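# Fold and geometry: a report
In case you want the letters, here they are:
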Amino acid sequence: MDFELKSLLPAEAAALPCDALLVLVPEALAPELAPGSLHELLAAVMRDGDLEPGVGKTLACYRVAGIQASRVLLVRAGDATPAAVRKAVAAGVAQLKQPGVKKIALLLSLIDADGAAVRAAMQACAEASYSYTHTKPSAKARAVQQVLLGVADAARVQADFAFGKALVTGVELAKEWANRPANHATPSALAQVAIQCGRKAGFKTDVLGLKEVTALGMGALLAVAQGSAQPLRFIVMRYQGAARSSAPVVLVGKGITFDTGGISLKPAAEMDEMKFDMAGAASVLGVFAALAEWRPALNVVGLIPSCENMPDAQAIKPGDVVTSMSGQTIEILNTDAEGRLILCDALSYAARFKPRSLIDVATLTGACVVALGAVRSGLFSAHEELAQALQQAGETALDPCWRLPLDDEYAEALKSNFADLGNVGGRPAGAITAAKFLQKFTADLPWAHLDIAGCAWKSGASKGATGRPVPLLLHYLRDEAARAAAATEPPPAAAGRKRAAKTP
Ligand code: BES
Ligand code: MN
Ligand code: ZN
């Protein structure tokens, strides 16, 4: 999907050659609206009360005199907050799915859209027009190819526009790969995506296999992978946007390409949805696809432990004890608690990068779905600053999360008579005990865990991946890049002298 940004007065929008003109209409229309065909149309519609109030309410007009585009769609944008803009644009674009609508002009100047609103509009455009075709050739492919965003002052929102474009790329890649079935999205296929992404952007990608992972002593990852005919992969991606000496943000994504539960087999109903159990990995791939385009001044490392969780003659059995890379032994009481097993070795591996922050993203527990549903991801961190930064990023990105506690008492449940710890803690507080398990592998690093089990995909008629939490992660990285830049700026005294010297 191709986006273009342009300073555009409402009067100029009428003359734009495009297949459809989508006009976002604010709650209160400015009376000083410049005269012209669009103004006349809006004035008449408002007078007659034909555009119902309510965000996302639309009125479709066809062949309006004086307007170039044959289709004009008026959409109510309410108070024009980013959330309202997203809802309005999604409603509008969903109505423009005719095959003839390839180029849309989106008029955002009546609502005086700021950077956040522009980003929200772009995301909604992509979301509402996405179509999965990879294994369904009969599906209608996306018709909309080009979107022109008309704003009051393009220069003012240029940075957000560039960031928004990268964000859409990232979300779409994450969605696409999470949607692909497990026989198409294998660990090796994910590694290929990472390699391609790195090649395009000129960053380093290492793919470790059985031999390397064995040499590293990743006994927990090996244990989960041993029941599958698909070879495991451990993917290491490195984006370098800042000085070598600058500590990276390390992102870890759970890459279980299919979770049967293993010998602790899951019930048949909805088991197909366990193809989405690599949504955390897909979100890390999405972030890297975005980084390739956006190129912030920050170092970021992406780690993806990836394998299938299968029942097999070779598979791990309940009660088996394995030794993780950290040296801690784990009693695998339930083979369906496999995510934490592959993640714990990745978290140990992450320490070598001396991260400024370490964030894992995983479809980890059904308990998190029960706690927070599909609205907010679960956020866990003992690091106050990091927790607040992620929470804030989630709000700004319209991809929210909610912090849950990590009291040490919750770790009691992980005690084992036969190993340093067990991999499950019973039914109570399942999302928290899973997080406590991971925490035991993070030493004193500034670590956070996002449980995305509830929000990474939708079930039912609109079954499909959401691309979350790519927006949250990218907003966090944007804030982090700004913080890193501020920290390396010259001290205020020196800057003051410089300015003083320039004054005549
Ligand atoms: N991938 C699942 C978590 C999951 C379940 C995500 C349902 C989305 C929807 C994970 O590997 C798992 O099976 N977790 C178990 C843990 C339990 C055995 C302690 C769960 O949540 O049931
Ligand atoms: Mn499982
Ligand atoms: Zn799983």
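Predicted, not measured: the structure shown is a model, and the values here were computed from it.

## Considering empty space enclosed by the protein
- Tallying each qualifying case throughout the model produces four cavities of 30 Å³ or more.
- Counted as a void, the largest cavity has a volume near 50 Å³.
- Among the elements that take part in the lining of the largest cavity, helix α4 (residues 115-129) stands out by supplying four residues, more than any other.
- Looking at the lining of the largest cavity, its residues break down into five nonpolar, three polar and one charged.
- When residues of the lining of the largest cavity are assigned to domains, at least three fall in each of domain 1 (2-152) and domain 2 (167-488).

## So, the coordination of the manganese ion (ligand 2)
- On the protein side, the manganese ion (ligand 2) has Asp259 (OD), Asp336 (O), Asp336 (OD) and Glu338 (OE) as donor atoms, found 2.1 to 2.2 Å from it.
- Here the manganese ion (ligand 2) is ringed by six donor atoms whose angles at the metal span 70 to 168 degrees, and the overall shape comes out irregular.
- Written as a sequence motif, the donor arrangement for the manganese ion (ligand 2) is D-x76-D-x1-E.
- Here the manganese ion (ligand 2) and the zinc ion (ligand 3) are spaced 3.2 Å apart, with Asp259 acting as a shared donor. Here Glu338 lies in the loop between β13 (329-332) and α10 (339-350) and Asp259 lies in strand β10 (residues 255-259), a separation of 79 residues in the sequence. Judged on exposure class, the residue Asp259 and its partner Glu338 are both buried.

## Here we look at the coordination of the zinc ion (ligand 3)
- For the zinc ion (ligand 3), the full set of protein donor atoms is Lys254 (NZ), Asp259 (OD), Asp277 (OD) and Glu338 (OE), and the range of their distances to it is 2.0 to 2.4 Å.
- One way to put it: the six donor atoms around the zinc ion (ligand 3) meet at angles of 78 to 175 degrees, and that makes the site octahedral.
- Read in sequence order, the donor residues coordinating the zinc ion (ligand 3) give the pattern K-x4-D-x17-D-x60-E.

## Observations regarding the domain arrangement of the protein chain
- Segmentation of the protein chain into domains returns domain 1 (2-152) and domain 2 (167-488).
- When each unit is reduced to the centre of its C-alpha atoms, the spacing between domain 1 and domain 2 is 37 Å.
- Between domain 1 and domain 2, the contact holds 15 residues from the first and 15 residues from the second.
- Roughly 1,300 Å² is buried in total at the junction of domain 1 and domain 2, and carbon and sulfur atoms are behind 54% of that figure.
- Among the residues of domain 1 in contact with domain 2, Arg119, Gln123 and Tyr130 are the three that bury the most area, contributing 42% of the side total.

## A few points about helix α3 (residues 82-94)
- An ideal rise of 1.5 Å per residue puts 18 Å on 13 residues; α3 measures up with 18 Å between its terminal C-alpha atoms.
- Turning to α3, its buried residues are Ala84, Val85, Ala88, Val89, Gly92 and Val93. The arc that holds every buried residue of α3, seen down its axis, measures 150 degrees, which confines them to one face.

## Concerning the layout of surface pockets
- By volume, the largest pocket amounts to about 980 Å³.
- Considering every element that reaches the lining of the largest pocket, the biggest residue donor is helix α11 (residues 366-372), with three residues.
- Looking at the lining of the largest pocket residue by residue, the class counts come to twelve nonpolar, twelve polar and eleven charged.
- In terms of lining residues, the second largest pocket is bounded by 31 residues, among which Glu127, Lys175, Lys458, Ala465 and Thr466 are the most central.
- Considering only residue class, the lining of the second largest pocket consists of 16 nonpolar, six polar and nine charged.

The rules behind each value
- Residues numbered from 1 in each chain as written.
- Chains lettered and ligands numbered in written order.
- Predicted model: local features only at pLDDT ≥ 70, side-chain atom pairs only at ≥ 80, totals over all residues.
- Heavy atoms only, no water.
- 1 Å grid on protein atoms, 1.4 Å probe; cavity = no way out; pocket = protein on both sides within 12 Å on 5 of 7 lines; lining within 4 Å.
- Points joined across faces, edges and corners; volume = space filled by probe spheres on them.
- Helix = DSSP H or I, 4+ residues; strand = E, 2+ residues; numbered from the N terminus.
- Nonpolar A, V, L, I, M, F, W, Y, C, P; charged D, E, K, R; others polar.
- Domains from an automatic or database assignment.
- Donors = N, O, S within 2.8 Å, 3.2 Å for Na, K, Ca; no water.
- Tetrahedral: all angles 85-135°; square planar, octahedral: opposite > 155°, others 65-115°.
- Buried < 20%, exposed > 50% of the residue type's maximum accessible area, 1.4 Å probe, protein only.
- Contact = heavy atoms within 4.5 Å.
- Buried area = accessible area lost by both parts, 1.4 Å probe.
- Expected span 1.5 Å × (residues − 1).
- Arc of directions from axis to C-beta.

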